[in-house]
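Single-letter residue listing:
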Amino acid sequence: MTCRSRYPQIPVALYGRRRPEWSAGSVNTVSLARDLAAQGLSPDEIARLSRTGELERVRRGAYAPRTTVADDRERHRLLVEATVRQTSEAAVVSHGSAAALHDLPIWSDGLTRVHLTRDRPTGAKVRRYVHQHSGPLAPDEVTEIDGIRVTTLARTVVDLGRSLPFARSVAVTDAALARGLPVDALHQSLVGAAGRTGIGAARRTAAFSDGRSESVGESTSRVVLFQSGVPTPQLQYEVFDLTGGLVGRSDFCWEEQRTLGEFDGKVKYGRLLKPGQAASDVVWAEKLREDRLRDLGWQVVRWVWDDLARPRALVERLERAFLRGSRR
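Report follows, based on the coordinates. As the structure is a computational prediction, the values presented were derived from the model and not from experiment.

**Quick notes on the pairing of strand 13 (residues 246–254)**
The buried fraction of strand 13 is high, at 7 of 9 residues. Pairing geometry for strand 12 (residues 234–240) and strand 13, over 6 bridges, is antiparallel. In the sheet register, Tyr 237 faces strand 13, and the bridge partner there is Ser 250. Between strand 12 and strand 13, which pair antiparallel one after the other, the connecting turn spans 5 residues, and Gly 244 there sits at a positive phi close to 90 degrees. Sheet topology places strand 13 next to strand 14 (residues 259–263); 3 bridges connect them, and they run antiparallel.

Shown next as structure tokens:
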């Protein structure tokens, strides 16, 4: 299997003592204990390298260079690789683990176990490192990422739509659609999952999802506003001035009420940064843009994650903006 080249090389020898032969172009980023033993490392030497921080214990009997463990997503990818190498080839990576490999939104509380699916009617079980699912799995629902067999994007989205809370499953489906998942492929996967537990929830998620949402925060905002009874907004609305010049694009728009909505997140401002710009430059540019929008008669309401946890207060702010915008 091919491997991404971001993994650094660890020297074979350092200070006259043996080290595992990791390399940037190696087939695996995870080495099993038997691989290290084949290189001549004893169990005591492996334990010492773990204590000194040169090895990261991924799971029992599996290790990776400490420098490859950058964040929770990468840590889970390594756990997936280690688990797959220690598991039957009949198992396919699925659910949240498949989402990690597909670069879909994931949550840290779902990364403690690797999710696998086997094409058989029974045998589901949960262990310390593995959540094993059982159920129909057609050959065309399996793809390969970096040499690892994983459920396709459509099958992954449907599996998570059947098992995640509504807001999270919408964020996943929005992201998949934004990445180019064809709606027809999503619907076909829903048809194939007919009769399975949670299929009704997956259908509701698919009907609600929209690939124009550009972040988990925007997807969650749509769910919160919908559940709070706020009228359905237009997404990614472009506002032009009287000369036809583009003033800006807003996450949400209620045109009749002359109101724009913006979800503010750190990731969003990071996307807006241009070479040589600081975060303060982006904030100032956003302020000038908002001033121009208000000059054109638009109400602008901004919110952050904490506001989504208090939807009543957010709805009241929107209602006041709707009232002001309608009067104008």
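There is more to say, and it comes next.
**A closer look at helix 2 (residues 43–51)**
Among the residues of helix 2, those classed as buried are Glu 45, Ile 46, Arg 48 and Leu 49. One side of helix 2 carries all its buried residues, which in axial view fall inside an arc of 160 degrees. Relative to its buried face, helix 2 has exposed residues pointing more than 90 degrees away, namely Pro 43, Asp 44 and Arg 51. Residue Gly 53 follows helix 2 closely and has a positive phi angle near 90 degrees.

**A closer look at the packing of aromatic side chains**
Scanning the entire structure with this criterion turns up 7 aromatic pairs. Aromatic side chains Phe 208 and Phe 226 sit 5.1 Å apart centroid to centroid with 50 degrees between the ring planes, which places their arrangement in the tilted category. One end of the pair, Phe 208, is in helix 8 (residues 199–208); the other, Phe 226, is in helix 9 (residues 216–227), with 18 residues separating them in the sequence. Overall, the relative accessible area of 19% leaves Phe 208 in the buried class. Overall, Phe 226 belongs to the partly exposed group, its relative accessible area being 49%. What links up through ring pairs into an aromatic cluster is the set Phe 252, Trp 254, Trp 303 and Phe 322. Positioned above the aromatic ring of Trp 298, the side-chain terminus of Arg 258 is 4.1 Å from the ring centre.

**Overview of the sheet that holds strand 3 (residues 31–32)**
Overall, antiparallel pairing links the 3 strands, which are arranged 3-5-4 in an open sheet. Where the open sheet ends on each side, the last strands, each with one partner, are strand 3 and strand 4 (55–59). Both strand 4 and strand 5 (residues 62–65) contribute to a ladder of 4 bridges, which runs antiparallel. Bridge pairing links Glu 56 to Ala 64 in strand 5. In the packing of helix 3 (residues 72–85) onto the sheet, contacts are made with strand 3, strand 4 and strand 5, and the angle to strand 4 comes to roughly 65 degrees.

**Digging into the pattern of salt bridges**
Here the structure, examined in full by the defined rule, presents 20 salt bridges. Between Asp 159 and Arg 155 there is a salt bridge, and its shortest N-O distance comes to 3.0 Å. With a gap of 4 residues between them, Asp 159 and Arg 155 both fall in helix 5 (residues 153–163), about one helical turn apart. Across the pair, exposure class does not vary: Asp 159 and Arg 155 are buried alike. Between Glu 214 and Arg 249 there is a salt bridge; the shortest N-O distance is 2.9 Å. Placement of Glu 214 in the loop between helix 8 and helix 9 and of Arg 249 in strand 13 is noted, with a sequence separation of 35 residues between them.

**Side note on the sheet that holds strand 14**
Overall, mixed pairing links the 4 strands, which are arranged 12-13-14-15 in an open sheet. Where the open sheet ends on each side, the last strands, each with one partner, are strand 12 and strand 15 (299–303). The sheet shows a mean angle of 45 degrees between the axes of neighbouring strands, taken without regard to direction. Bridging between strand 14 and strand 15 involves 5 bridges; their strand directions are parallel. By the bridge assignment, Leu 260 is partnered in strand 15 with Val 300. Sitting on the sheet, helix 9 is in contact with strand 12, strand 13, strand 14 and strand 15, with an inclination near 45 degrees to strand 13. In the packing of helix 13 (residues 311–327) onto the sheet, contacts are made with strand 13, strand 14 and strand 15, and the angle to strand 15 comes to roughly 170 degrees.

**Re the environment of Asp 210**
Secondary-structure assignment places Asp 210 in the loop between helix 8 and helix 9. Distance in space between the C-alpha atoms of Asp 210 and Leu 235 is 9.0 Å, their sequence separation being 25 residues. Aside from chain neighbours lying at most four places away, what touches Asp 210 is Asp 174, Leu 177, Arg 222 and Leu 235. Among the polar contacts made by the side chain of Asp 210, one reaches the side chain of Arg 212 at a distance of 2.8 Å.

Parameters and conventions
Residues numbered from 1 in each chain as written. Predicted model: local features only at pLDDT ≥ 70, side-chain atom pairs only at ≥ 80, totals over all residues. Heavy atoms only, no water. Buried < 20%, exposed > 50% of the residue type's maximum accessible area, 1.4 Å probe, protein only. Helix = DSSP H or I, 4+ residues; strand = E, 2+ residues; numbered from the N terminus. Pairing = 2+ DSSP bridges. Arc of directions from axis to C-beta. Phe/Tyr/Trp six-rings, centres within 6.5 Å; stacked < 30°, edge-to-face > 60°. Lys NZ or Arg CZ within 6 Å of the ring centre and 35° of its normal. Contact = heavy atoms within 4.5 Å. Axes fitted to C-alpha atoms, helices over the stretch in contact; angles between N-to-C directions. Salt bridge = Lys/Arg side-chain N within 4 Å of Asp/Glu carboxyl O. Polar contact = N/O pair within 3.5 Å; in protein donor to acceptor, adjacent residues only side chain to side chain.

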